[in-house]
Structures are given as structure tokens and as C-alpha cells.
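Per-entry structural report
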Amino acid sequence: MKKIYAFIFFLVCVLPTSYCPAYQLIGTEVMSKELVAQHYTINSNLDAVIVVDRTIPTFEYHTYYSAGSADEEEGKQGRVHFLEHLISGTGSHEYGKLNQIVIENGGQKSAATSYHVTRFILRFPKDKFDLAVEIDRDRYYDTVINEEVVEKEKKIVLTERSRRRASATRGSLNIFFGLIYGKKNFDGLGTEAFIKQLDPVDLKDYYENFLRRQKRLVVVIGDVDIDHVLTKLDDAYSNEQISGESVIELPDPHYPSYEVLGRRLKRTVKSLSLTRFRKGWYIPNLGHRDYAGLLILERILERSSNSLKSSMVDSGLAKSFSMSVNSYKGFGLISCYAELSHDTSRNKLHTVIDAELEKLKSISEAELNAARNQQLTSMYSAFYNRLSMASSFGRAFASANDPLLYPKLIKDIESIRRDDIPRIINRYLRDYNSITHSLTVPEKKELLPRILSEYRIPVLALAGVGFLMLLGGFIVMLVWGGKKLHRKFS
Amino acid sequence: MFLKVMLNIVLCYVVGILPASAEISNHQIFYRQDKRAPLTKIEIVFLGAGSYREQPSQTGLVQTVSKLIWESGKKHGHIDQLAVLGTDLYVSSKKTSLTVSIYTLSENCAKSIEIVRDVIYNLEFSETDLEDVKKLKAVDYQNSFRRRPYSFMRNFALAETRGIKKYKFLKMLENLSAKDVRQYYARLLKTEVVFFKALSDRDSTEIAQMLRPITEERENLLLQQAGGFVHSLAYPAIDHPSGPSAFVFDLNSKSIMCYWLIPCGIIDEKDYLPSMISDALGGYRAQGLLYEYFRKELGLVYGIGSDYQSEEYIRFLEIYSDPQLHNSEDLIAKMSDFLRGLLDNPRVWERIKELRESRDVADAHVHERLTPQRRLDNEVYRAIYNKPIRKGGYKSITDAEVRAFLERFFVPQNMVMIFQGPKDHIIDVLNTHWPEVDVQVHSVESLLK
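The present account deals with the structure reproduced in this document. (Residues numbered from 1 in each chain as written. Chains lettered and ligands numbered in written order. Predicted model: local features only at pLDDT ≥ 70, side-chain atom pairs only at ≥ 80, totals over all residues. Heavy atoms only, no water.)

1. Here we look at the overall build of chain A
Stated precisely, the cut-off is as follows: Only runs of H or I of at least four residues qualify as helices and only runs of E of at least two qualify as strands under DSSP, and these elements are numbered from the N terminus. Whether a residue is buried, partly exposed or exposed follows from its accessible area with a 1.4 Å probe, protein chains only, as a fraction of its type maximum: under 20%, in between, or over 50%, in that order. In this description, contact between two residues means that some pair of their heavy atoms is separated by no more than 4.5 Å. Values of accessible area rely on a 1.4 Å probe in the Shrake-Rupley scheme; residue burial ignores everything except the protein chains shown.
Across its full length, chain A carries 18 helices and 12 strands. Counting every position in chain A, which comprises 490 residues, the buried fraction comes to 52%. For chain A, restricting intrachain contacts to residue pairs at least 6 apart in sequence, the fraction spanning at least 24 positions comes to 79%. Only carbon and sulfur atoms are counted for the fraction: they give 56% of the accessible area of chain A, which is about 23500 Å².

And the structure:
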């Protein structure tokens, strides 16, 4: 009996103090000899990726919300970006105070909004980890959204917008992604009128009921102790309370309608100095093995010689040419972007693209190895840059819900074989699977009828002969008239 | 040598200045290990072969040769051989040197260096090749002009007010002859000091072994001939400021790009003071005095910051901001007052004090300079310019030094302003708030001509 009492006494004493952390390890990926990424869930709404890197005594602390400007309603874009300014700039403090705290503690901060992710960046010396979590937690629960901060930030956001609007490249990008997401006047910063009418009540509501309900990822890279990081995140977020119900599920990714797919669209803008040409093909998302093959294909298309890029630039068809492969929410895109003279035929561009893709269907083993090695060099070089590494984890999380897909991509790249390339080209890089958009100047009205401009030399010769005959006739008339007058007066 | 050592000891104990590393010896390897990625980056630096030594009539020669080396490697199949290994080859030039560098998977580094040796030591080119390279260089120049017109505006403004030559490059390019290039190349191969800069996950012995093909080739060549480039830090004199100048580049837009340049000497002078002033103003980070005052307090701009830079041999502080058209008058007026009143601004002194103290506290910004790559860059930079390391860093800088610096350089006659936006509006603003400024109006396109 004494034993039973002792056992009950033990339970009574120990149970309340024993603590079971909520976080769980859900994946590990070895990135290099020195770097290992560990993926944890902190609660149902928050994941964390931790990479210990003791090269310098600082750490990056990034928070990624898996929603961005493309996830906003049509006509109401700009609120996520505006909130990004408020959360990053003010947080839970009075206006300007947060900046001071960060500076005094030897840190840095910044933030950015992209199509499907909004990120907040903190960078501190290694002994300030608790402060980073405190700032992040206070921003999450208590960001100040009142009349004063909203009005002050409006001026800054409008200046930012005005500056961005001046870029023709950005304008072309907005139109292109407007087509992809099926939104007119697509602009992550919002229209001027929309920004001006934003009010604190609506913004607060939007923060509580939209942004804060998105899944989040915290990425910590640097000179940190994993147990300490997990303990602090657990303390801050294990009992996370969100008003209302559960995490918001965003609508399915928006695929373009068949009205847009396969078409070659253009828009005219008066003040352009160069035509902007952009073509994108739909591809699978990060995580699909073909995504790695497409990254290799991009390398080949963009190499310095014997490539699509060299065909475009060396022949003078394009002033500049670049390729990119990107992952978005639920889909990917391989796209090319060229800057052209206004008189460059865009049909010719398509012909060159088709010819180069056809040529690549018989790619050699050496060409494939070259592109693979260059891709690996490029991916490994990001391991020197914590900011870039953390962003890659964040994008993989936001677009495919698995941050470790980013380091796993290296293995996929090593697995690509020669026969994957023609298969990938045949499957994805087809016209009916693409969107093409050009931003150009209005066509000039021809001063001469077309027949005149096509047969310019014979027409000019005829005109010259006619002119000479007229001149001759005029001179003959003058001489004849002169003689006649001379006779009359003599 | 004895005198040099004694001088270093005196400098160290009397004024707190420690010497940087000694002269760079031939084939010296500056090395840092970084095991975070299986990569190796090697730079082969021909010291003394940079653009400083160009005759005014040959401006652009070193850049043209850099391009020619790469294009010749492409023509002879070396670039393709490197590409198979996943190796990128870069040939670049600076004021002091011409650099050939590779960036590759470490497992392919040794093979890549053998190919690079062939690129450097078997340069063959015809008159036509040179003409082709000149055309490519002209296109590169025009493309970079289109992408980053500001750097051309800045060079133009510095050239007009301080006499640097770089903006003449495109015009001079046409006159470069194959003879110029061959003469330069012959001297390049015989350069007295070539050193290496290596960052790798491999150890230093392995790196030294990998570099043998280059060092052996050079040893053979140097035994036979002399007369290569020699490194020296003798700079031409720069013009003195003649008054505040403003360069207005006309552009019909709703926002204005505004830059204030504060030239502050030449680059062989100590740079801790301008660096500290730039940090106090804020750098390009979202913090510091400029950000606090002009963005947070006044809400006049989105982007604002300061940076400490050099162009050719001139160093300068650069302050940047991007007001909307309707805010621009307020911004230009307040910025002008701010800069002219920096010496008497209590916030500046407070921030300087904070900077001195925060250097004792760990600072992320300072630590960022401690990555293996940055340490390597700094070590090489100090060695090239023989720059002293200030003992005690920012903490040792006195208020008197800061005051003397601000009094000398933050004066209206030393300021060069660059604006891009509607010219009439900007001229009106300058006439109202700064009538003594000498205003020049240009179009961006005119800079190409």
C-alpha cells in the first residue's frame, strides 16, 4: 500500500512539472559536409527550418507567411504589401521604436512581399536570439495598426509605388502575371486610389482574418544552438491562439484559361525605348523530378555559345536575353525574357525558339554534364549566402508546402539523364502550353503606301524621270516664251 | 627594411596604426577555407596591370584585353572545355590589376586550372578578332549604360568636376590598335608580381599543388625575359572643387532620383573616417539617420541611404533618395540643409557615439564582414593598397577627427549633385533653395555620344 501511495505521490509531484514540448522533427536533409537542414513543426500553423552555420557569430531569423500579392482578391491587391510595411516597420512598438531596438542590439531588419510569400528578415549577433523571437512574437500578436501609422506609411508606400511604376520591365512583368492569375491591373502594390483609401479597421481585420491565418515558416540559419532555438519557439508559439477558426485554405492555384494559353498577346505603350518580349511555359512545381530537368534545360538555353541566348543576341535579334525557372503556388514556369528593337519580328523570335528546342532534343552527354555541373555550382554557391539559402527554404515552403524540397533538388539534378531532355521538351515546351506577351510601342502609320515602300528604287527612278521631263518641259516653255517676247518687243 | 620595421613600430605605438600585410610577393597565395560548399574559387591576379597605367589615348585598353582573352578562349574551345567541368571563367580588370578567375566544383578545379593556363599563355588573335571584340565591348558598354545609367551619370559628373577619364572610354575604343594590345599583353605575361586568391573547401596544400601549372609557366617565362608591369601606388593629382555643382538629367517622370556626392580624397588615404560617417548616416540598410529622418519622420522617400565608394582613384560618399515629384522640393531643400548642417546636428554626434560603443557590442553588420570571402577580400585589398589597420577601429576615432573631416569635405563647394527627373522643375527648386549652384542640364542619351 505504501508503494501505491508513494507512486501516487510521485505522479502528483512530477506530472504537473514534466513538460512535453509540442515541436516535432519531420525531416532532415544533409546539404554539405558542414550544413544540415532540420525541419520541425512548432504547431499546426507554424513550421521551422534550422541550419547551424558557425562561420560567423550571427544568425538569420526569417519568418515566411505563405501568402502574397497574387493571393489577394482582384481590385484589392496591395493590402498584404501594406501590412508588410506595418509589421516590419512598427511591429508592436510606437512608431520608429522598433528600428531603434534593432540598431541598439547590433541587428538589421527588412521585409518583402512577393506573389505567394511575405517575408520578414531579422539578422542579429548570436547572443540576441531571444530578442529575435520576442520581436517576431510581438509582431505576430500585437502589431499596432492605427490611424497614425497607417497615414504615415501611406506616404511611403505611394512613393515606392511611384518609383516602381517607372520601370518598364516591372510593367511588363505585371501584365504577364496578370494574364497568368487572370487579374486585370495586376500590381502587388495596389492602385494609388486603393492605397489612399486604406483604413486601420479594414487593415486590422485583414491581418487578423487573412494574413495571420496563413501557414508560417521560421527559418533560422547561423551560429545557434538547436535546442535553445526550439525551446524559445515552443515557448512563444506552442499555445498559439488565432481568433476564429483554423488556418485559411487559399483557393486552388489559378491556371490560365484556354483563351490565354497558346496565344501571342501584346500591349502598346507610347514611351517605351525597347520592346519587351516574355514567353512562359507551364511546368510542374518544385518537388516533381522534371523540375530539376527544366533547371538544366534553362542552363543549356542560356549558355554563352551554341544556345538560344547566343542565337538571339549574337544575331542581333535581341539586345538582351535571359531565361528563368520558378516555382509558384501549385505550378512552375520556365520563361524567357528579351529586350528588342521595335522593328524586330516577333514571329522570327518564335521560329528561333522552336529551332533551338528542336536541336536540343539530340543533346550530347558532354553538354548535359556541363549544364548539370554549372547548375550544381550555382546551387552550392548559395550555401555561402544565408539570406539566399533562407529565401529558397521560404519559397519552397510557400509554393510546395515543403521547405526541404530546396536541398533535395540537388539530388534530383544529379539524377537527370540525357533522354530526359527531349521528353521534357516534348511534354512542356509546347506552344499550346505557353503564354506570350510583348510590350511595344504603337505601330507607326506608313507615310508611303505599302507598294511604294516595297518597290522604292524603281518608284524613285520613275519619279526622277518624271521630274526631269517636267523640268525639261518647263525650260522649253520658258525658252519658247522668252523668244516670243523678244520677237514682240524687237 | 630595418627603417620600415622601425617606422611600423613607431606608427603602432605613437598613433595607434598597425601596418597591413607587407608587400605582396610573387606567387603568394591568399587563402581561406570554407567547407560549407564543395566549391573552389581561384583568382589569378596580375598586379600592376590595371587601368591606372593606361595612357589617356588608350582608355579602355585593359578592359578590351580582358574581353579578348575570354573571346579567344571561346574561339579556341577552352570555354567549352571549362563548361563541361561546370567551371565559369571570368576575366576582369580593376584600377590596379587584371584578374583571371575560375569558380568551379572543387573536384574539377585541377583540370580547370590547366585549361586556364592554356587560355592565358596561348592567346592568339587577328585584327578581325580585335575588331569583333571592340564591337562586343561597345555593345556591352551600351547595354550596361541602358541597365545602369546612373553609374554613367556619376562618372560624367566626377569627370567634369574632378577630371577622371573613364567616360571617354567608348570614343577611345575605336582607336585601339592590335599593336597596343600586343604590347600590353607582352608586358602582362611578364608582370613582376602575380598572386593568387583562393577560397575552397580543400586545404591550402592541395590548392598550391593545383596552381603549379600556372607558376611553372611563369617561372619559365620570367627566366627568359623582363619588362613586365610593376605595381605602384602613385596616383595622378585630382582637381580641386570649384563650387557646388548640379547635373540634371532630363526625364519625364513622377518620381525623381536624387544623389549627393561628397568627394573625400583619393583611395590611398585612410578610409575609416568616411566609412564611419557613411555608417552613421545609415549605409544602404533600412536604418541610420537618413532613414529615420527622411523616411520615418518626414515620409518624403521610400528608398534612402548612403554608401562609401570609389571610382577610378577618387573616393566619395554617396547619398541617395527617391522622392515623388510633389515631395521633391521639400526633400531637396531639407537634404541640402541637413548636409550643410551636419557638423552642428546633435543627432550625428549621438549616432557617432553609438557607433563607437556598438563596436564593443557584437554587431551583425560588422560580423558580416567576417565571412571567409570577405576576410580574404579585405586581406588582399589591404595588401594591395598597403592600407593600415586602425588599432581600436571606430572606438579610437576622436570627435576632433570627425569634426575635421566634416569641416573639410561637407562644405557646399565640395558637393556634386545628380538629379534625374523633369528638368524645369528641378532647376526651379535649385534656383529657389540653392541659387549658388552651378547647374548643367543633359540628356542621359547624350552621355553615350
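Structure's up, so let's keep going.
2. A closer look at the overall build of chain B
Counting its secondary structure elements, chain B contains 18 helices and 13 strands. In chain B, which comprises 449 residues, the proportion classed as buried is 55%. Per element, the accessible surface of chain B, about 19400 Å² overall, is 52% carbon and sulfur.

3. Digging into the interface of chain B and chain A
So the rule is basically this: Buried surface area refers to the total accessible area, computed with a probe of radius 1.4 Å, that the two partners give up upon joining, counted for both partners together. The salt bridge definition used is simple: a Lys or Arg side-chain nitrogen within 4 Å of an Asp or Glu carboxyl oxygen.
Each partner contributes to the interface: chain B provides 57 residues, whereas chain A provides 51 residues. The contact between chain B and chain A buries some 4500 Å² in all, and 55% of this surface belongs to carbon and sulfur atoms. Among the residues of chain B in contact with chain A, B:Arg36, B:Lys296 and B:Tyr302 are the three that bury the most area, contributing 19% of the side total. The interface formed by chain B and chain A contains five salt bridges. Across the salt bridge formed by B:Arg295 and A:Glu153, the nearest N and O atoms sit 3.9 Å from each other.

4. Structural notes on unusual backbone geometry
Residue and element names in this part refer to chain A. The phi dihedral of asparagine 185 is positive, around 50 degrees, even though this residue is not glycine. A positive phi angle, close to 50 degrees, is found at asparagine 306, a residue other than glycine. Checked against the element boundaries, asparagine 306 lands in the loop between helix H10 (289–301) and helix H11 (308–314). Judged by relative accessible area, which is 45%, asparagine 306 ranks as partly exposed.

5. Describing the packing of helix H4 (residues 129–142) of chain A against helix H9 (residues 226–237) of chain A
Residue and element names in this part refer to chain A. As a reminder, the rule being used: Comment: axis = line fitted to C-alpha atoms, over the contacting stretch for helices; angle = value between 0 and 180 degrees taken between N-to-C directions. The cut-offs work like this: below 35 degrees is roughly parallel, past 145 is roughly antiparallel, 65 to 115 is roughly perpendicular, and the gaps in between are oblique. Should the near helix be turned anticlockwise from the far one by less than a right angle, the crossing is termed left-handed; should it be turned clockwise, right-handed. In the scheme used here, Gly and all other residues not listed as nonpolar or charged are polar, with Ala, Val, Leu, Ile, Met, Phe, Trp, Tyr, Cys and Pro taken as nonpolar and Asp, Glu, Lys and Arg as charged.
Interaxial distance between H4 and H9 falls to 10 Å at its minimum, and their mutual angle equals 25 degrees. When the interaxial angle is binned, H4 and H9 end up roughly parallel. In the crossing of H4 with H9, the sense of the turn from one axis to the other is right-handed. Of H9, the residues touching H4 (which contributes Phe129, Asp130, Val133, Asp136, Arg137, Tyr140 and Tyr141) are His228, Val229, Lys232, Ala236 and Tyr237. Across the contact of H4 with H9, the residue classes tally to seven nonpolar, one polar and four charged.

6. A closer look at empty space enclosed by the protein
Residues and elements named next belong to chain A. The condition is simple: Buried and open spaces are told apart on a 1 Å grid over the protein atoms alone, a cavity being a set of points where a 1.4 Å probe fits but cannot get out and a pocket being an open set with protein on both sides within 12 Å along at least five of seven lines. Residues with an atom within 4 Å of a point are the lining residues. Grid points are joined across faces, edges and corners, and a volume is the space filled by probe spheres set on the points.
Under the counting rule described, the total for this entry stands at five cavities of 30 Å³ or more. Taken as a whole, the second largest cavity encloses approximately 50 Å³ of empty space. Surrounding the second largest cavity, Thr63, Tyr65, Ile87, Phe120, Asp136, Arg139, Tyr140 and Arg216 form its lining. Contributions of two or more residues to the lining of the second largest cavity are made by strand E4 (58–65) and H4. Ranked by residue count, the leading element in the lining of the second largest cavity is H4, at three residues. Among the residues making up the lining of the second largest cavity, the classes are represented as four nonpolar, one polar and three charged.

7. Topic: the nonpolar core
Residues and elements named next belong to chain A. What counts here: What makes a nonpolar core is a set of buried Ala, Val, Leu, Ile, Met, Phe, Trp, Tyr and Cys residues whose side-chain atoms join them at distances within 4.5 Å.
In this structure, Met31, Leu297, Met312, Phe383, Phe393, Tyr406 and Leu429 are the most contacted members of the largest nonpolar core, which totals 102 residues. In terms of residue count, H10 provides more of this core than any other element does, eight residues in total. Not counting residues within four places of it along the chain, the set of residues in contact with leucine 297 comprises Leu360, Ile421, Ile424, Ile425 and Leu429. In this structure, Ala48, Val133, Val149 and Ile226 belong to the second largest nonpolar core, which totals 51 residues.

Treat this as a map of the structure, not an account of what it does.
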